[in-house]
Amino acid sequence: SACICIHRRLELFPIISISLKSLCYNRVAMPLLAIHDRLWITAIIYSTAMGCWAFLLAFQRRDLDSNFWGALVINEIIYVVQAVLGAVVLFQDSQPARCVHYLYVIVGAITIPAAFAFTKGRGTRREASVYGISLLFLAGIAVRAITTVL
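Below is a short write-up of the structure.

Some remarks on the overall build of the protein
Step number 1: Each helix and strand in the protein was counted, giving 6 helices and 0 strands.
Step number 2: Listing each helix as α and each strand as β along the protein from the N terminus yields α-α-α-α-α-α.
Step number 3: Considering the protein as a whole, with its 150 residues, one finds that 35% of them fall into the buried category.
Step number 4: In the protein, of all internal contacts separated by at least 6 residues, the share reaching a separation of at least 24 is 72%.
Step number 5: Summed over its atoms, the accessible surface of the protein is roughly 8,900 Å², and 70% of this surface lies on carbon and sulfur atoms.

Remarks on the pattern of salt bridges
Step number 1: A full pass over the atoms with the stated rule returns 2 salt bridges.
Step number 2: A single salt-bridge network, built from bridges that share partners, covers R122, R126 and E127.

Let's talk about the side chain of T119
Step number 1: Tracing the backbone through its elements, the reader meets T119 in helix α5 (residues 100–119).
Step number 2: Given a relative accessible area of 0%, T119 falls into the buried group.
Step number 3: Reaching out from T119, the side chain makes a polar contact with the side chain of Y131 at a distance of 3.3 Å.
Step number 4: Apart from the residues within four sequence positions on either side, T119 is in contact with E127, V130 and Y131.

Quick word on unusual backbone geometry
Step number 1: One non-glycine residue, R61, lies in positive phi territory at about 60 degrees.
Step number 2: Note on placement: R61 falls in the loop between α3 (32–59) and α4 (66–91).
Step number 3: The class for R61 is exposed, based on a relative accessible area of 61%.
Step number 4: Look at K120: it is not a glycine, yet its phi comes out positive at around 55 degrees.
Step number 5: Mapped onto the elements, K120 comes out in the loop between α5 and α6 (125–147).
Step number 6: Looking at K120, the relative accessible area reads 64%, which means it is exposed.

How each quantity is defined
Chains are numbered independently. Their residues run from 1 in the order of the written sequence. Where totals are concerned, whole chains, interfaces and linings use all residues; where local detail is concerned, this predicted model gives features only for residues with pLDDT of at least 70, and gives and counts side-chain atom pairs only at 80 or more. Heavy atoms from the whole structure form the basis of all side-chain values; hydrogens and water molecules are not counted. Strands are runs of DSSP state E lasting at least two residues, helices are runs of H or I lasting at least four, and both sets are numbered from the N terminus onward. When accessible area is computed with a 1.4 Å probe and restricted to protein chains, residues below 20% of their type maximum are described as buried, those above 50% as exposed, and intermediate ones as partly exposed. Residues count as neighbours in contact if any of their non-hydrogen atoms are within 4.5 Å of one another. All accessible-area figures derive from a Shrake-Rupley calculation using a 1.4 Å probe, and residue coverage is judged against the displayed protein chains alone. We define a salt bridge as a side-chain nitrogen of Lys or Arg found within 4 Å of a carboxyl oxygen belonging to Asp or Glu. Here a polar contact is recorded for every N or O atom pair within 3.5 Å, except that within protein the pair must consist of a potential hydrogen donor and a potential acceptor, and residues adjacent in sequence are included only if both atoms are side-chain atoms.

Next comes the structure, spelled out in structure tokens:
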């Protein structure tokens, strides 16, 4: 089948092949675990892009603008939705292999609000660097969280 072919092609990349395993579970509707899995990839890509954007603004000596703040809110929403979906999946009797996964979920959900509190909501280039570090840290936490599921 086409799904098995896709999975075999991407087996060289273990993280991606893990997330593609459940893609063909149901051709009509994806189960919540598969959605939770795909949202993880979204979180990593989005956080990395946001971190790079923050560092670009800091490098250009520009303050954070409303575009950045709006994108930052979207980033936080992704992590909160990821946590809620994870809780729903947990109540459906699907648990991660290690309990440290829960710690990564909590850290993922509070990193952006903590950075906002640390910077006191200011948006200068110094704060852009703080957000750049925080967002790349968040992407790393998301990568680490998936390794605790295996």
